[in-house]
Every structure is written in C-alpha cells, then in structure tokens.
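# Examining the three-dimensional arrangement
The lines below spell out each chain.
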Amino acid sequence: DGYSATQLFGQGVSYTYDDVIMHPGHICFGAHEVDLTSNVTKNIKLRVPIVSSPMDTVTEAEMAVAMATVGGMGFIHYNCTIAEQAAMVAKVKAHSPGFVVNVACMTPDTPISALDALKSTKNFSSVCVTDTGALGGKLLGIVTSRDIDFVSDRSTPLEEVMTREVVTAPAGTSAKAAQEVLRANKKGRLPIVNAAGELVALATRAVFVGERFLPPQGAPSLDGQGRLRCGAATGTREGDKERIAALVAAGVDAVILDSSQGDSTYQLQMLAYIKQQHPALDVICGNVVTGAQARRLIEAGADGLRVGMGSGSICTTQEVCAVGRGQATAVYQVSRVANQLGVPIIADGGIQNSGHICKALALGASAVMCGSMFAGTTEAPGDYFYINGQRVKKYRGMGSLDAMAKGSEARYLSDTQNLKIAQGVSGTVKDKGSVRKTVPYLAQAVRQGFQDLGVQDVPQARKALAGGSMRMEGRTGAAQAEGGVHDLLTYEKTPW
Ligand code: XMP
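Keep in mind the model is a prediction, meaning the values are calculated, not measured. (Residues numbered from 1 in each chain as written. Predicted model: local features only at pLDDT ≥ 70, side-chain atom pairs only at ≥ 80, totals over all residues. Heavy atoms only, no water.)

## Describing the nonpolar core
Of all hydrophobic cores here, the largest spans 95 residues; its most connected members are F9, I50, L305, F374, F450 and M472. Dropping the residues within four chain positions of it, F9 is found in contact with Y15, V20, A328, T329, Y332, Q333, L363 and M472. (Core = buried A, V, L, I, M, F, W, Y, C linked by side-chain atoms within 4.5 Å. Buried < 20%, exposed > 50% of the residue type's maximum accessible area, 1.4 Å probe, protein only. Contact = heavy atoms within 4.5 Å.)

## Details of the confidence of the model for the protein
When pLDDT is averaged across the protein, the result is 93; 96% of the residues are at 70 or more. Reported confidences for the modelled complex are a pTM of 0.93 and an ipTM of 0.98. (pLDDT = per-residue confidence, 0-100.)

## Details of a negative patch on the surface
Taken together, D109, D153, E159 and E160 make up a surface patch of like negative charges. In this structure E159 comes out as partly exposed when scored by relative accessible area, which is 34%. (Patch = residues over 30% accessible without salt bridge, like charges linked within 9 Å, V, L, I, M, F, W, Y side chains within 5 Å. Areas by Shrake-Rupley, 256 points an atom, 1.4 Å probe, with all protein chains shown as cover. Salt bridge = Lys/Arg side-chain N within 4 Å of Asp/Glu carboxyl O. Lys, Arg positive; Asp, Glu negative; His and termini not counted. Charge placed at Lys NZ, Arg CZ, Asp CG, Glu CD.)

## A look at the site of the ligand
Taken together, 26 residues form the shell around the ligand, and within it C315, T317, D348, Y395 and Q423 come nearest. Taking G371, its main chain carries an N or O atom lying 2.7 Å from an oxygen atom of the ligand. Contact distances for the ligand include 2.6 Å between an oxygen atom and a backbone N or O atom of G399. Out of a free accessible area of 520 Å², the ligand has 98% covered by protein chains. In the shell around the ligand, the residues fall into 8 nonpolar, 15 polar and 3 charged. (Near = heavy atom within 4 Å. Polar contact = N/O pair within 3.5 Å; in protein donor to acceptor, adjacent residues only side chain to side chain. Nonpolar A, V, L, I, M, F, W, Y, C, P; charged D, E, K, R; others polar.)

## Some thoughts on the pattern of salt bridges
Inspection of the entire model under this criterion finds 19 salt bridges. Of the charged contacts in the structure, one is a salt bridge between R229 and D253, with a shortest N-O distance of 2.9 Å. Taken together, the residues R229 in the loop between α7 (205-212) and β12 (231-234) and D253 in the loop between α8 (240-250) and β13 (254-257) connect sequence positions 24 residues apart. Residue D253 is classed as buried on the basis of its relative accessible area, which comes to 11%. Here the salt bridges do not stand alone but share partners, grouping K93, D223, R227, R229 and D253 into one network. (Helix = DSSP H or I, 4+ residues; strand = E, 2+ residues; numbered from the N terminus.)

## Remarks on the pairing of strand β10 (residues 189-193)
Taken across its 5 residues, β10 has 4 buried, putting it largely inside the fold. Judged from the 2 bridges that link them, strand β9 (residues 169-170) and β10 form a sheet pairing that is parallel. Note on β10: the bridge partner recorded for P170 is V193. Tracing the backbone out of β9, into helix α6 (residues 175-185) and back to the parallel element β10 gives a crossover that is right-handed. As judged from the 5 bridges shared by β10 and strand β11 (residues 199-204), these two strands associate in the antiparallel manner. (Pairing = 2+ DSSP bridges. Right-handed = clockwise from strand over helix to strand, strands pointing away.)

## Re the sheet that holds strand β20 (residues 426-430)
Taking strand neighbours across the sheet as the criterion, the 3 strands line up as β18-β19-β20 in an open arrangement whose pairing is antiparallel. Only two strands of the sheet have a single neighbouring strand rather than two, namely β18 (385-387) and β20. The average angle at which neighbouring strand axes cross in this sheet is 60°, direction not considered. Pairing of strand β19 (residues 390-396) with β20 involves 5 bridges; the strand directions are antiparallel. In the strand pairing of β20, K394 is matched with T428. (Axes fitted to C-alpha atoms, helices over the stretch in contact; angles between N-to-C directions.)

## Brief notes about the UniProt feature "binding site: IMP" (unreviewed entry) in the protein
Within the UniProt annotation, "binding site: IMP" (unreviewed entry) is assigned to S313, D348, G349, G350, G371, S372, Y395, R396, G397, M398, G399 and Q423. If you trace the backbone, R396 turns up in strand β19. Assessed through its relative accessible area of 10%, R396 is described here as buried. When near neighbours in sequence (up to four residues on either side) are disregarded, R396 contacts M55, D56, T57, N79, I314, D402, A403, K406, V425 and S426. Among the structural elements, G397 can be located in the loop between β19 and α14 (401-404). Beyond its immediate sequence surroundings of up to four residues, G397 is in contact with M55, I314, A403 and V425. (UniProt positions renumbered as here; feature names shortened; annotations may be inferred.)

## Things to note about helix α10 (residues 291-299)
Along α10, the positions that sit buried rather than exposed are G291, Q293, A294, L297 and I298. Burial along α10 is one-sided: seen end-on, the buried residues are contained in an arc of 155°. Next to the buried residues of α10 lie α9 (265-277), β14 (282-288), β15 (304-307) and α12 (327-341). The positive-phi residue at the C-terminal boundary of α10 is G301, with phi of around 115°. (Arc of directions from axis to C-beta.)

## Concerning the sheet that holds β9
Hydrogen bonds between backbone atoms are what pair the strands of a sheet, whose relative direction is either parallel or antiparallel. Overall, mixed pairing links the 3 strands, which are arranged β9-β10-β11 in an open sheet. Each edge of the open sheet carries a strand with a single partner, namely β9 and β11. Contacting β10 and β11, α6 runs over the sheet at an angle of about 130° to β10.

## Some words on the packing of aromatic side chains
Per the counting criterion, the structure on display carries 2 aromatic pairs. Considering the side-chain rings of F9 and Y15, the 5.9 Å spacing of their centres and the 80° angle between planes classify their relative orientation as edge-to-face. Residue class for F9 comes out buried when judged on its relative accessible area of 4%. Looking at Y15, the relative accessible area reads 12%, which means it is buried. Taking 5.2 Å as the distance between ring centres and 25° as the angle between the ring planes, the aromatic pair formed by F9 and Y332 counts as stacked. (Phe/Tyr/Trp six-rings, centres within 6.5 Å; stacked < 30°, edge-to-face > 60°.)

## Description of the packing of α10 against α12
Relative orientation of the contacting elements α10 and α12 amounts to 30°, with a least axis distance of 8 Å. One finds that α10 runs roughly parallel with respect to α12. For α10 against α12, the interelement crossing comes out right-handed. Contacts from G291, A294, R295 and I298 of α10 reach α12 at Q333, V334, V337, A338 and L341. (Parallel < 35°, antiparallel > 145°, perpendicular 65-115°, else oblique. Left-handed = near helix turned anticlockwise from the far one by under 90°.)

Pasting the structure below:
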C-alpha cells in the first residue's frame, strides 16, 4: 500500500510538503517517549532540531538566546558589520539563562513618552535609568508601569517618577541566587550592579517564570563549556575571512556559508580556507537541492548542508531565475546522498506548520530552518506596528531590494553588478508571541507526528525511509483541500 520515497520521488515531478502525505505506522510507544534529538552539523546535536534563519528580521542575539534556551539553535545574520555580528555572538555565548538579553536603559531626563513608545514597539514594560542611558552606566533607578500609569503629562522626565530605592544584587550573582532574591522580596526586577554601582545585568521574575514552564525536552542547547550554542552566517568574499576570524574569537559554534546557490567554487575555496585556518569550526554549506551539488560540497569537507532553493515564504528565486526544486523532493533527493555520506542536512524554507517539520525529518532532514515561522515573534528584531488593526512586524527576504540596500546582496552573487536583481520580497507578519512557547509547541506536535508514523526517533525514521517501510503518496488538489479546514464559516486558527 502506498509508495516508498524512492518510488514517489522518482517520477520526474517536483513535490512540495503539501503535495505529499505520509501513511501512519504502528504505535507501540507514547508521544512523550519520542526523542527528536538530531544533528544539525556533524558535531552538534540538538534535542529540538529546529533552527532560526540567518535573516535580519529573524535572528539576532535575543532570538539566538531563546532558540538555544528551548533546545534549538539560532544563526545570526550578517547584514551588519563584522563587529556588530561578532558582538551578537559574544552576547549569546556570555548569556546566563534567567537574565534579560537586551536590557532597556534610558537617561534620567528622558520623557515618559519615550517609554510609552518602547512599550508599544518592543513589548518592554520597564526601563533601568542609568547616567549614560545604557547598560554599564551608573544605576539611578527603575521605572515600571506602576510609576507612570497615573502620570498624565507624558513629557515628565523619568527622574521625577523613577523608583530610586532599588533592591540590587552584586555582579557575579548566579541565576539561582537572583531568583531567590526576587522571590524573597516579591520584586519583578533585580538589577545586578558592580562595586562602582554600574548596571551589568538584569534578572526578572517574568524570565524565570517563562523558563520554569519550559518542557523538560526543551533543555537548553549547550556547548562543552556550558554556554548556549550559537551559529552565524557569512559570505564567501575575501573580507569574510576577517568576519569568520571574529566569529570564531566570539565563540561561534558553526558558520553557514550563505548563498541561494551553494554549489560554487567560491564556497569550495572558502570551505578549504576555513578547514585550514579554523579546523575545529563546523561549516554548513549550501543551499543545494540536488544530490550532485551535495556530493561536491560533502567531498570538500562540509559538516552540514542547507537544502532549499526558492521554497521560502519570501523567496522569488524560482520565478526570477528559473531554478529551484519543490522542497519535499529537494530534501529527499539530497538526503539520499548526504545520509549515506554521514552529513546532516537542514531543510531550509517553506515550513508553515508542524506537519511540514515532521515531513522534512521523515524525508531525511536532520533539522529544519525557519524564517517566517519565527518572524513577528517577541524575540525577532524590529519594532511592532499596526496594519488594519493587526499588530505586525516586518519580515523580508535577504535578497529583497529592501535588504540588499543594506548590504546583503552577496548572497545572491550580484556584488559586482550595478543592476541589483531582487530574489525576494519584503512584507509583514503578525505578532506571534514568544518563540519560547512556539518552539516547545511545535516540537511536541512533531513528537505526536512521529508517534503516528510509528517511529520513535530520528535514526528509526531514517531506517524506515531507506528500507522503504516509510510509506507515502502524492495528494491531489482536492485531497489537500480536504486535509485543511473546510466547510466552516468562521473558526479559530491555532497560533502556529
Ligand atoms: P521561510 O519559508 O521559513 O524561508 O520564510 C526562510 C528561508 O528563505 C531563504 N531566503 C530567501 N530566499 N530570496 C530567496 O529566494 C530571499 O530574499 C531570501 N531570504 C531568505 C533562506 O534560506 C531562509 O532561511
């Protein structure tokens, strides 16, 4: 009954995830017994094999911290200076779970209206007041909603309303000790200050409460020294050698050589250079969509491959350049080669729901990479704003004119051309809350999917795929419509 992957994908048709449906297998274990642990590179295992895209509206330090905290991993984008990118990586590597990633600070003469603006664009509800208006300045007080809710003149400076008597803890206080101080004092915020009274970190009750409710399977992704895992993307130009050295110095765990078409002499040369200069660094090459592309990069030493061309929600590569592949076909065909050669692949782009993640893993991917799924979350860079009453954030392709204007054109190999050809678009996505909730929810849904497939972990899924016992078939348009919600006038959509 049904088809093996070799049969289904060997018919000259390019399938997307929605074109394919998996057949259920036999269940002899609970969903909680499913283990999704898988490799994102040859040397890095993740308990939750979900990673965030290196895009400037998706992954900066805050996203990378959150992704690693829930058992996945974030890849910091490189549409910024070398110093900025390395600083973001260093921030993730230095982060202690339990503390705030981006501490909002303002100077004492700042009007309350500036805090109002911060509240609506960033979800912050309080600020630390320091003499410099930044972390590292002398702590003068804190301002929370309680201090400002009843002040009608919003031009009042913060120094007139701030709480000056603040419970603080000394630099070096552990997350556990900070939690204890917050509990004992019934406070919401605990600034950590050094001997000179300068603000060095901030612990909050909200962060602790959020982390306490993480499911056990979402234990953080840590390196050998107990620091959060963090990846970063880079290009293949001469100047990127300096970028890579700075990322390594900042403690990066793996780099992505970022290109929409990774089967190039540029990647092969950069890969050889990295393997010689930074032999301990894991390198993810790509993107690729065929077995031949994959083999060339693997034989040259790639530690992981990113798979997908034009499948992303903001991608126009297939329309503009006539190349690419349906994502389900691309993942399966590349995995056939890569899995045999022992190199993990990341299914990159086109993930719209947990079913797609399940299909990607069942078709041989070791991890999935998401852009739009995590854009619009609290941890994504950028400000919230409103369109037609809907709270949104910006999400843009790194090959959109918008992003290229800021310097990301190298990914699309147009760095020497005067005429920039866009291979992506820029738009908005709705407010999706925190990835600290989204990712555990997705992971649990995938565990349930694995249970239905009758496979208890990724190696078992791999075996069933290669042996042909993982059965599947194509879906007609009507079958796809039937598989979605239909015949309802209105309904409440699940958030993810
Ligand atoms: P999703 O579907 O998760 O896709 O939003 C994210 C992935 O899309 C790729 N990407 C692009 N592809 N033009 C493209 O053709 C672009 O401008 C662009 N920007 C990002 C990238 O692989 C990302 O992980």
